[in-house]
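The lines below spell out each chain.
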Amino acid sequence: MQIRVISDIEAISHEAVRIFVMLSKEYIGSQGRFVAAISGGSTPKRFYELLASDSYRGNVEWSKIHLFWVDERCVPKESESSNFMSAFDHLISRISIPDENIHRIKGEYGPEKGARDYEEHIKRFFGISALPVFDIIILGMGEDGHTASLFPGSKSLDEKIRFAVPAYGEKMNRVTLTLPVLNNARHILFLVSGQSKADVLKDILENTEKRKKYPAGLMSPAHGDITWLITRDAAGRLKTIE
Ligand code: 6PG
């Protein structure tokens, strides 16, 4: 596990872009494509914008990049709350990427049908029914230690077989990838910002018992690696920071 504390969102976004560009070149070179699953939330927006910026856009072979999502809210795709729309606004609309490389979760189908549809789509794309291997999964972490739409104490954390499941919430229902899929990725990249996350982050990164209470603490790639890019405010309670 690599933990890197870097000043602010701007800095972690640049570092995330550097990693994304480097890995995309490596995997396109070796397997002809790079398959990423991305998150919603506010932290990755700057990363998406930078990736689409004049400085970086040309360093990525977009026709060979496939974009999936780790989770989605059950709203129309045009909604402000849609994770697809957030990535569309900040990244997809600013680059030239084939439509068939965009693999969104159909939140408008509702939680159960949306999850089934997404799982079928993943199976067709990878051409197998075994657990898919994403090349990179970019995750965020909420103040309660949730990641993707896996919330503390939720039933979806026990899922061993399905790739995508419904996540029912008071405010909104969602669809999320499951723990076995997330932990089967080649690389997991966490982008974490904000002082409000400092206590939970300390539990997850410095307390081997407490970390298991939090979905983000259950991220432990079976065959891959995990990198945490953390802003200085979110790292405020950590003992050892760079
Ligand atoms: C979502 C996410 C979610 C997010 C965290 C952190 O759909 O909202 O996928 O898991 O990554 O809530 O969000 P922030 O980056 O906004 O803190």
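Look up: the structure comes first, before these words.
Residues numbered from 1 in each chain as written. Predicted model: local features only at pLDDT ≥ 70, side-chain atom pairs only at ≥ 80, totals over all residues. Heavy atoms only, no water.

1. A closer look at the pairing of strand E6 (residues 136-139)
The alternating pattern of E6 places Ile136 and Ile138 and Ile137 and Leu139 on opposite faces, both of which are buried. Both E6 and strand E9 (residues 187-192) contribute to a ladder of four bridges, which runs parallel. Bridge pairing in E9 places isoleucine 136 opposite histidine 187. (Buried < 20%, exposed > 50% of the residue type's maximum accessible area, 1.4 Å probe, protein only. Helix = DSSP H or I, 4+ residues; strand = E, 2+ residues; numbered from the N terminus. Pairing = 2+ DSSP bridges.)

2. Some points on the site of the ligand
As a structural note, the neighbourhood of the ligand is formed by 16 residues, with Ser42, Thr43, Arg73, Ala148 and Lys197 the closest of them. Take threonine 43: an N or O atom from its side chain is 2.5 Å from an oxygen atom of the ligand. In the model, an oxygen atom of the ligand is placed 2.4 Å from a nitrogen or oxygen of the arginine 73 side chain. Residues that form the shell around the ligand fall into these classes: two nonpolar, ten polar and four charged. (Near = heavy atom within 4 Å. Polar contact = N/O pair within 3.5 Å; in protein donor to acceptor, adjacent residues only side chain to side chain. Nonpolar A, V, L, I, M, F, W, Y, C, P; charged D, E, K, R; others polar.)

3. Some remarks on the packing of helix H1 (residues 9-31) against helix H2 (residues 44-51)
For the pair H1 and H2, the least separation of the axes is 8 Å and the interaxial angle reads 55°. Relative to H2, the element H1 lies oblique. Remark: the crossing between H1 and H2 carries right-handed chirality. Judged by residue contacts, Ile9, Glu10, Ser13, His14, Ala16, Val17, Phe20 and Val21 of H1 engage Arg46, Phe47, Leu50 and Leu51 from H2. (Axes fitted to C-alpha atoms, helices over the stretch in contact; angles between N-to-C directions. Parallel < 35°, antiparallel > 145°, perpendicular 65-115°, else oblique. Left-handed = near helix turned anticlockwise from the far one by under 90°. Contact = heavy atoms within 4.5 Å.)

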